[in-house]
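Letter by letter, the chains look like this.
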Amino acid sequence: MIVAPAVVLVALLAGLAGWVIRGSVVRRDEGRLARAEHAAVEAERARAEAADQRLQAVIDAVPQGAVVYDRTGRPTMGNALGRRFIDARHRDALVELAARELVAAVSHNGAHAARRPVEPAGTPRMVVDVQARRLAGGGAIVLLEDTTERRRLEEVRRDFVANISHELRTPIGAIALLTETMVVEMSAAVTAPEPVLRLANRLHAEAVRVSRTIDDLLLLSRIENDEEPVREAVVVADALVEAIDRVAGAAHERHIEIRLDLADRAVRIRGDRRQLVSAVFNLLDNAVKYSDANSLVVLRTLPVDDEGNVAIEVEDRGIGIPARDLDRIFERFYRVDQARSRRTGGTGLGLSIVRHVAENHDGRITARSCEGEGSTFVLTLPADPRSRSGTVAATEVA
């Protein structure tokens, strides 16, 4: 059958029209898809910009300098004070260098946070506390705080306390010696009036108490100045035995038993032996003073924990500490029971000394107590990684 040319032409035109229509639909769909993709990209960009603006507002509200670093260690945003140390020159460049080193430490070495004071040479004096913290999504935030004035005031206070304590030590010591001589001479005299002897004894006791306070102030000043104590391997067990020896006389007078329980005789710390002994002695001294006669004080060490820390515990069965006072007992001169502290000769500086020793050794001191039942103080310090592992049980009584 022969198809008429008109029919062929109509079929061709119909096919062409269908192709044109389909092409138009495809182009229209592609246009809609492109517009949808563009809208999604713009919405995501807007959300990101809004998030950045909120983050920038938060950073601007931080009172310290703040700089955010991405995963590559590149600074991405910061507030006005923080930007001062980005691409800085002269002394500020040393602060930026410290910030980058701390960012690398928290980003690649597994540390959650790192901190370092930076004091560039030159005048005027400048001390900047640099602290880096790892961010959950990668990167880190660096906080920079100018602590120059705070450091200056702390040094003035420490110098004043140390100087005045040195000046008072000699005359107070002389007064204590003279009053002791008076008490001895009056006790030997047959005609010495009883009130005078009683007053001489009281005067000597008060002179001794002031002398102890001055000695504690000097010790505290020295420990405060030793922010970077001598770093040597200290066998914890040996330091604890030395602290027990220092308090043994007072414990014997009150018939208080001091029991030493060691989880590991070989564990060591890196630090200052004198400071460690002073800290443990002050904890034991408090335990003896505030425990009833014929009671027990336990000094123990716990096995090194998963974080590489060794805990030293001092447990007593004494009067305990009210819950309202637990947050303040480590303040200098703070005493829970003023009347009992005067009777026992407490200075209110012992626990402050312990706190400073813990801070100097990157450790911490905590307390738990139940009023009327006793208290437990826990001194936690980083153990020397080279300490021999394993547990050796030991019990000693002093």
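None of these values were measured; they are calculated from a predicted model.

**Observations regarding empty space enclosed by the protein**
In step 1: Across all of its chains, the model carries two cavities of 30 Å³ or more by this definition.
In step 2: Put simply, the largest cavity is a space of about 50 Å³.
In step 3: Lining the largest cavity, in full, are Leu81, Arg84, Phe85, Val128, Leu144, Glu145 and Asp146.
In step 4: Tallying contributions element by element places strand S5 (residues 140-146) first for the lining of the largest cavity, with three residues.
In step 5: Its residues assigned to classes, the lining of the largest cavity comprises four nonpolar, no polar and three charged.
In step 6: Here the second largest cavity defines a volume of roughly 30 Å³.
In step 7: The wall of the second largest cavity is formed by Val67, Tyr69, Gly82, Phe85, Ile86, Glu96, Ala99 and Leu144.
In step 8: Of the residues assigned to the lining of the second largest cavity, the class counts are six nonpolar, one polar and one charged.

**A word on the pattern of salt bridges**
In step 1: Scanning the entire structure with this criterion turns up 20 salt bridges.
In step 2: With a closest N to O distance of 4.0 Å, Asp272 and Arg274 form a salt bridge.
In step 3: What makes Asp272 buried here is its relative accessible area of 5%.
In step 4: Taking the relative accessible area as the measure of exposure, Arg274 reaches 51% and is therefore exposed.
In step 5: In this structure, Arg355 engages Glu359 in a salt bridge whose closest nitrogen and oxygen atoms are separated by 3.4 Å. With Arg355 and Glu359 both in helix H9 (residues 350-360) and four residues apart, this pair spans about one turn of that helix.
In step 6: Each member of the salt-bridge network shares a partner with another, and the members are Arg300, Glu313, Glu315 and Arg368.

**With respect to unusual backbone geometry**
In step 1: Here the phi dihedral of Asn294 falls at roughly 65°; this positive angle occurs in a residue that is not glycine.
In step 2: In this fold, Asn294 is placed in the loop between helix H7 (273-289) and strand S9 (296-301).
In step 3: Phi at Asp362 takes a positive value of approximately 60°, unusual for a residue other than glycine.
In step 4: Tracing the backbone through its elements, the reader meets Asp362 in the loop between H9 and strand S11 (364-370).
In step 5: Overall, Asp362 belongs to the exposed group, its relative accessible area being 60%.

**Some thoughts on the packing of H7 against H9**
In step 1: Here H7 crosses H9 at 145°, and the two axes come no closer than 9 Å. Between H7 and H9 lies a crossing of left-handed hand. Contact with H7, carried on its side by Gln275, Leu276, Ala279, Asn282, Leu283 and Asn286, involves Gly350, Leu351, Ile353, Val354, Val357 and Asn360 of H9 and no other residues of that element.
In step 2: The residue makeup of the contact of H7 with H9, split by class, is seven nonpolar, five polar and no charged.

**Some words on H7**
In step 1: The terminal C-alpha atoms of H7, which comprises 17 residues, lie 24 Å apart, in line with the 24 Å expected from a rise of 1.5 Å per residue.
In step 2: Burial analysis of H7 places 14 of its 17 residues in the buried class, which makes it a mostly covered element.
In step 3: A side-chain oxygen of the first residue of H7 lies 2.9 Å from the backbone nitrogen of Arg274; this N-cap is Asp272.

**Here's the deal with the sheet that holds strand S3 (residues 113-118)**
In step 1: One open sheet accounts for five strands, arranged S2-S1-S5-S4-S3; its pairing is antiparallel. The open sheet is flanked by strand S2 (75-78) and S3, the only strands paired with a single partner. Sheet twist, expressed as the average angle between the axes of neighbouring strands with direction ignored, equals 20°.
In step 2: The sheet contact formed by strand S4 (residues 128-134) and S5 spans seven bridges and is antiparallel. By the bridge assignment for S5, Val130 is matched with Leu144.

**A look at helix H3 (residues 91-108)**
In step 1: The end-to-end C-alpha separation of H3 is 27 Å, in line with the 26 Å expected for 18 residues at 1.5 Å each.
In step 2: Every buried residue of H3 is listed here: Asp92, Val95, Glu96, Ala98, Ala99, Leu102, Val103, Ala105 and Val106.
In step 3: Elements in contact with the buried residues of H3: strand S1 (65-69), S3, S4 and S5.

**Details of a nonpolar patch on the surface**
In step 1: The grouping of Phe160, Ile164 and Leu168 at the surface amounts to a nonpolar patch, some 290 Å² of accessible area in total.
In step 2: By relative accessible area, Ile164 is classed as partly exposed at 37%.

What counts, and where the lines are drawn
- Residues numbered from 1 in each chain as written.
- Predicted model: local features only at pLDDT ≥ 70, side-chain atom pairs only at ≥ 80, totals over all residues.
- Heavy atoms only, no water.
- 1 Å grid on protein atoms, 1.4 Å probe; cavity = no way out; pocket = protein on both sides within 12 Å on 5 of 7 lines; lining within 4 Å.
- Points joined across faces, edges and corners; volume = space filled by probe spheres on them.
- Helix = DSSP H or I, 4+ residues; strand = E, 2+ residues; numbered from the N terminus.
- Nonpolar A, V, L, I, M, F, W, Y, C, P; charged D, E, K, R; others polar.
- Salt bridge = Lys/Arg side-chain N within 4 Å of Asp/Glu carboxyl O.
- Buried < 20%, exposed > 50% of the residue type's maximum accessible area, 1.4 Å probe, protein only.
- Axes fitted to C-alpha atoms, helices over the stretch in contact; angles between N-to-C directions.
- Left-handed = near helix turned anticlockwise from the far one by under 90°.
- Contact = heavy atoms within 4.5 Å.
- Expected span 1.5 Å × (residues − 1).
- Polar contact = N/O pair within 3.5 Å; in protein donor to acceptor, adjacent residues only side chain to side chain.
- Pairing = 2+ DSSP bridges.
- Patch = residues over 30% accessible without salt bridge, like charges linked within 9 Å, V, L, I, M, F, W, Y side chains within 5 Å.
- Areas by Shrake-Rupley, 256 points an atom, 1.4 Å probe, with all protein chains shown as cover.

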